Amino acid sequence: QVRLVESGGALVQAGGSLTLSCEAHGTIFSVGTMGWYRQAPGNARELVANIQTSGATEYADSVKGRFTISRDYAKNAVYLQMNSLKPEDTAVYYCNANRLAWAGGYEFDFWGQGTQVTVSS
């Protein structure tokens, strides 16, 4: 079995900070691009940030300068440091791996279960 397990979601006041974590569990051989997406009620799921195996990163314009994505290749993990949080950052945050090789084969466009981030004003 392979899973992406997220943690770190919480209720925080505007201006505060949170760090989200996501780790691939299972017998993992390699993971491609990892990213964070979010979905607020009534809205489509949107890209927040992603990080390629090279370390190259991409951010949504709305989070540039406030959020930082990083990964730990040894742990098959990805993190999202979120600073200066705003109420509009409130959403369920999902971890994604575009490709994952594990003992059972390959997974593509693989998702975690999501973690709730709520920013109060």
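Presented here is an overview of the structure given in this document. (Residues numbered from 1 in each chain as written. Predicted model: local features only at pLDDT ≥ 70, side-chain atom pairs only at ≥ 80, totals over all residues. Heavy atoms only, no water.)

**Examining the overall build of the protein**
Looking only at helices and strands, the protein features zero helices and twelve strands. Seen in sequence order, the protein has helices and strands lined up from the N terminus as β-β-β-β-β-β-β-β-β-β-β-β. Its C-alpha atoms give the protein a radius of gyration of 14 Å, near enough to 14 Å, the size a compact globule of 121 residues would have. In terms of overall dimensions, the protein has C-alpha extents of about 45 × 25 × 20 Å along its principal axes. Put simply, 57% of the contacts in the protein that link residues at least 6 apart link residues at least 24 apart. Roughly 6000 Å² of accessible area belongs to the protein as shown, and the carbon and sulfur atoms make up 47% of that amount. Here the protein holds 9 positive side-chain charges and 10 negative ones, and the gap between their average locations is 2 Å. (Helix = DSSP H or I, 4+ residues; strand = E, 2+ residues; numbered from the N terminus. Rg over C-alpha atoms; globule rule 2.2 N^0.38 Å. Contact = heavy atoms within 4.5 Å. Areas by Shrake-Rupley, 256 points an atom, 1.4 Å probe, with all protein chains shown as cover. Lys, Arg positive; Asp, Glu negative; His and termini not counted. Charge placed at Lys NZ, Arg CZ, Asp CG, Glu CD.)

**Digging into the environment of Gly8**
Note that Gly8 resides in the loop between β1 (3–7) and β2 (11–13). Among residues more than four places away in sequence, those in contact with Gly8 are Leu18, Thr19, Leu20 and Thr115.

**With respect to the sheet that holds strand β8 (residues 67–72)**
As summarised here, the arrangement of the four strands in space is β1-β3-β9-β8, forming an open sheet in which the pairing is antiparallel. This sheet does not close on itself; its edge strands, each paired only once, are β1 and β8. Averaged over neighbouring strand pairs, the angle between their axes works out to 15 degrees when direction is ignored. Here strand β3 (residues 18–25) runs beside strand β9 (residues 77–82); their pairing, made up of six bridges, is antiparallel. In the strand pairing of β9, Ser21 is matched with Tyr79. (Pairing = 2+ DSSP bridges. Axes fitted to C-alpha atoms, helices over the stretch in contact; angles between N-to-C directions.)

**A closer look at the pattern of salt bridges**
Across all of its chains, the model carries four salt bridges by this definition. Measuring nitrogen to oxygen at the nearest pair gives 2.9 Å for the salt bridge that ties Asp89 to Arg38. In this pair, Asp89 is assigned in the loop between β9 and β10 (91–102) and Arg38 in strand β5 (residues 34–39), connecting sequence segments 51 residues apart. The two residues Asp89 and Arg38 agree in class, both being buried. Linked by salt bridges that have partners in common, Arg38, Glu46, Arg66 and Asp89 make up one network. (Salt bridge = Lys/Arg side-chain N within 4 Å of Asp/Glu carboxyl O. Buried < 20%, exposed > 50% of the residue type's maximum accessible area, 1.4 Å probe, protein only.)

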